[in-house]
Each structure stands twice: as C-alpha cells, then as structure tokens.
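Summary of structural features
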Amino acid sequence: LQCLILDVRQDIQDEALQAVAAEFPDTEVLALRTDVSKQADMEALAAQAFARFGAVHLLFNNAGVGAGGFVWENSVADWEWVLGVNLWSVIHGIRLFVPRMLAQGDECHIVNTASVAGLLAAQTMGVYNVSKHSVVTLSETLFQDLRIANANIGVTVLCPAFVSTGIADSERNRPAEF
C-alpha cells in the first residue's frame, strides 16, 4: 500500500506561507502566494494544482478578514475588502475547482469555512456577518446543486466560534486599494 500526500498551501503573506510549507518536509507541497479575492490568482492556483497533482480531491476554502463598527459607518472599501476575501474566495474556489473535480469522476469533498457569525448576527460585525452568512448559504446551495447533478462531491460548511487565528489583526494585510 502506497500513500502519496499532496497539499496546496495558499496565503497572502509569502513568509508565513513558506514557513508552513517547510513544516511538511515529507509532503509534496505547492506553496503559491495567492490573493484569494482575485480571480486571476485563483485561476493560477487551480491551474497549477491540477497540473502538478493531476487531480484535487479535497478543497478547503478557508480565508477570513474582518471589519467592525456600525454597519452604516462601514465604507465601500470595507465591504469590498471583506466580501472579496471572505465570500469571493469561496466563489472563485467553487467556480474554478468544481468543474474539474466533476470531470475527474472521483469522490471529492469541499469544506467552506464560514464562522459562527454565519449563523448569528452579532452587533458591530455587520460586514463580517454578511460575508459569512453568504458562505453558509452558498455552501448549502452547492450541496443541493451537486445532489441534483448526481455528483460524487460532498460539501461541508465549517462554522467555528472564537479561534485564535489572527483575524483580529487582519488589517495588517489590507491592500492599499481598500
């Protein structure tokens, strides 16, 4: 019995990405700096993942940034940044990976990370709440659509509560355009 472990790591911070990739010396890792909010970056990630590994069986759409405050005080830039990372990353992942996973014909699984904020509506977290509620409903719809298509792809939406991830400091990676 042989087992080949394949992993794709993505991150906006290249140093952090390379540090995590180095923690898996016995694993074939594709470590590609990716802005998950950008279609072109995600297209490059998908193309390289399938070219290198031939197939993708597990897809984890896991990205998150936050902007707080009263919902009427959040700027358009706040909305664009948070929805870009938290929601569009999942949309890009689905659009770019699912058709190829379907073509593989293999059993696959997708895990979309939302948050407990995707199930609740906490005060002063409107932009974040909207983004994570959207991931929950997108995941539920994807699950139903894949069932109708008789696809061999499972879908899970992960809704963790308070986890020490550094999301409270996500402004450190906020692009100048936002």
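Below or above, wherever it landed, is the structure these notes cover.

Analysis parameters
- Residues numbered from 1 in each chain as written.
- Predicted model: local features only at pLDDT ≥ 70, side-chain atom pairs only at ≥ 80, totals over all residues.
- Heavy atoms only, no water.
- Helix = DSSP H or I, 4+ residues; strand = E, 2+ residues; numbered from the N terminus.
- Polar contact = N/O pair within 3.5 Å; in protein donor to acceptor, adjacent residues only side chain to side chain.
- Contact = heavy atoms within 4.5 Å.
- Patch = residues over 30% accessible without salt bridge, like charges linked within 9 Å, V, L, I, M, F, W, Y side chains within 5 Å.
- Areas by Shrake-Rupley, 256 points an atom, 1.4 Å probe, with all protein chains shown as cover.
- Salt bridge = Lys/Arg side-chain N within 4 Å of Asp/Glu carboxyl O.
- Buried < 20%, exposed > 50% of the residue type's maximum accessible area, 1.4 Å probe, protein only.
- Expected span 1.5 Å × (residues − 1).
- Axes fitted to C-alpha atoms, helices over the stretch in contact; angles between N-to-C directions.
- Parallel < 35°, antiparallel > 145°, perpendicular 65-115°, else oblique.
- Left-handed = near helix turned anticlockwise from the far one by under 90°.
- Nonpolar A, V, L, I, M, F, W, Y, C, P; charged D, E, K, R; others polar.

1. What to know about the side chain of Asn 74
With respect to the secondary-structure elements, Asn 74 resides in the loop between strand E3 (58-61) and helix H3 (76-104). Looking at Asn 74, its side chain comes within polar contact range of the side chain of Asp 78, at 3.3 Å. Filtering out sequence-adjacent residues up to four positions away, Asn 74 remains in contact with Ala 67, Gly 68, Gly 69, Trp 79 and Val 127.

2. As for a nonpolar patch on the surface
Taken together, the side chains of Phe 70, Val 71 and Trp 72 define a hydrophobic patch exposed on the protein surface, amounting to about 360 Å² of accessible area. The class of Trp 72 is exposed, set by a relative accessible area of 65%.

3. Some details on helix H4 (residues 126-148)
Spanning 23 residues, H4 covers 33 Å between terminal C-alpha atoms, matching the ideal 33 Å at 1.5 Å per step. The inward-facing, buried residues of H4 abut H3, strand E4 (108-113) and strand E5 (153-158). Looking at the residues trailing H4, positive phi occurs at Asn 150, about 55°.

4. Observations regarding the packing of helix H2 (residues 39-53) against H3
Running from N to C, H2 and H3 cross one another at 30°; their axes reach a closest spacing of 9 Å. In terms of their interaxial angle, H2 and H3 are classed as roughly parallel. Seen from above, H2 lies across H3 with right-handed handedness. Between H2, through Gln 39, Met 42, Glu 43, Leu 45, Ala 46, Ala 47, Ala 49 and Phe 50, and H3, the contact on the second element is made entirely by Ser 89, His 92, Gly 93, Arg 95, Leu 96, Phe 97, Arg 100, Met 101 and Gln 104. Along the lines of polarity and charge, the residues of the contact of H2 with H3 split into 9 nonpolar, 5 polar and 3 charged.

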